[in-house]
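Given next are the chains, with one letter for each unit.
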Amino acid sequence: MSDPKADSDRLYQDPALAQFYDLENGWAADFSFCQALAKDARSVLDLGCGTGELALALAKDRTAEDRTAENKTIVGVDPAAAMLDVARGQPGGSRVTWHLSDAQSLRLDRRFDLIVLTGHAFQVFLTEADQRALLNTIALHLNPQGRFIFDTRNPAAEAWRDWTPERSKRELHHPRLGAVEAWNDAAHDAASGIVTYQTHYRVMASGETLSAESRIRFTSREALTPLLADAGLTVDEWFGDWEGGSSMPSAPEVIPLGRLVTP
Ligand SMILES: C[S@@+](CC[C@H](N)C(=O)[O-])C[C@H]1O[C@@H](n2cnc3c(N)ncnc32)[C@H](O)[C@@H]1O
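Residues numbered from 1 in each chain as written. Predicted model: local features only at pLDDT ≥ 70, side-chain atom pairs only at ≥ 80, totals over all residues. Heavy atoms only, no water.

### Concerning the environment of alanine 28
Threshold: Runs of E in the DSSP output that reach at least two residues are strands. Runs of H or I that reach at least four are helices, and both are numbered from the N terminus. Buried residues are those whose accessible area, probed at 1.4 Å on protein chains only, stays under 20% of the maximum for their type, while exposed residues exceed 50% and partly exposed ones sit between those limits.
Inspection of the secondary structure assignment puts alanine 28 in the loop between helix 3 (21-24) and helix 4 (29-38). For alanine 28, a relative accessible area of 35% puts it in the partly exposed group. In sequence terms alanine 28 and glycine 119 are 91 residues apart; their C-alpha atoms lie 9.0 Å from each other.

In structure tokens, the structure reads:
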């Protein structure tokens, strides 16, 4: 397994950049879908939880009775201290158990009813070895009837084609810094399926620009299927988007909803 620190991404690890995450990534269909799945779950593990918006909402959904039950827990895991610091500082932050860890080596010695990775966190695993290690972590932390779900952008939809400075330019409003102009640039390596992209934030008032370079991997449903099986996981349903659309070849997302293979 690669050293997660060596692969660390300033976009998440640098507090100056992590402060922009929630400006760009609010509540979306992936969170609503997982929130609905979590209704039946007594415990939820959110891997690559980032700034914790989903985990915080799930903790808020719990009843007073749930909160006193020891096994009704919401756990958020992320290796980026800057992201977890934002999560901990949110209202209700103490209702979630936060763990600073990469997902590959995580061993909590307990199992969950639902394990989620949202916001394309699956794509930060850049090698097949890291993808296998993550799937192994999922298998080791799932209850026999528990379910997992995650999303990875469908390589066939070629989302990176929109990540050019011209097409991605957008204006954000930062509560302290005011107007911020943001844009991306990206290059796709067809051999590895890895997209290297830059994210830039220019603070209009000061003219200062903060930038990070990130890498994410695009994996097809065909490539993912044997990895899931090797980890002892089976897929009940493949979705093509977070609205519950079917898994078509040109769908924007590859989303497996599954569980442990029963012996
Ligand atoms: C695109 S963000 C998604 C955050 C959150 N799940 C959401 O939906 O907003 C990807 C997250 O994966 C985290 N990450 C990076 N490497 C990781 C690893 N090895 N294990 C678990 N999470 C990782 C990053 O720190 C970041 O918070």
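Continuing now.
### Describing the domain arrangement of the protein chain
Worth spelling out the cut-off: Domain segmentation is taken from an automatic or database assignment of domains. Contacts between residues were defined by any pair of non-hydrogen atoms, one from each residue, lying within 4.5 Å. The term buried area means the drop in 1.4 Å probe accessible area that two parts suffer when joined, counted for both and summed.
Here the protein chain is partitioned into domain 1 (10-155 + 219-260) and domain 2 (157-217). Each of domain 1 and domain 2 has a C-alpha centre, and the two are 23 Å apart. Taken together, the 23 residues of domain 1 in the interface contact 25 residues of domain 2. For the domain 1 and domain 2 pair, buried surface summed over both sides reaches about 1900 Å², with 58% attributable to carbon and sulfur atoms.

### Some points on the packing of helix 8 (residues 128-140) against helix 10 (residues 221-230)
For any two helices packed against each other, one specifies the crossing angle of their axes together with the interaxial distance. Filter applied, for reference: Angular values range over 0 to 180 degrees, each being the angle between N-to-C directions of two axes fitted as lines to C-alpha atoms, with helices fitted over their stretch in contact. Each angle receives one of four descriptions, namely roughly parallel if under 35 degrees, roughly antiparallel if over 145, roughly perpendicular if within 65 to 115, and oblique otherwise. Definitions for this section: a left-handed crossing has its near helix turned counterclockwise from the far helix by less than a right angle. A right-handed crossing has that turn clockwise. Three classes are used: nonpolar for Ala, Val, Leu, Ile, Met, Phe, Trp, Tyr, Cys and Pro, charged for Asp, Glu, Lys and Arg, and polar for all others, with Gly counted as polar.
As a packed pair, helix 8 and helix 10 sit with axes 9 Å apart at the nearest point and diverge in direction by 45°. When the axis of helix 8 is compared with that of helix 10, the two are oblique. Seen along the crossing, helix 8 lies across helix 10 with a hand that is right-handed. For the pair formed by helix 8 and helix 10, the contact residues are Glu128, Gln131, Arg132 and Leu135 on the first element and Leu227, Leu228 and Asp230 on the second. Class assignment for the residues of the contact of helix 8 with helix 10 results in three nonpolar, one polar and three charged.

### Thoughts on helix 8
Defined as follows: Given the number of residues in a helix, its expected span is that number minus one, multiplied by 1.5 Å.
The terminal C-alpha atoms of helix 8 lie 18 Å apart, and with 13 residues this matches the ideal 18 Å at 1.5 Å per residue to within 8%. Of all the residues in helix 8, the buried ones are Asp130, Gln131, Ala133, Leu134, Leu135, Thr137, Ile138 and Ala139.

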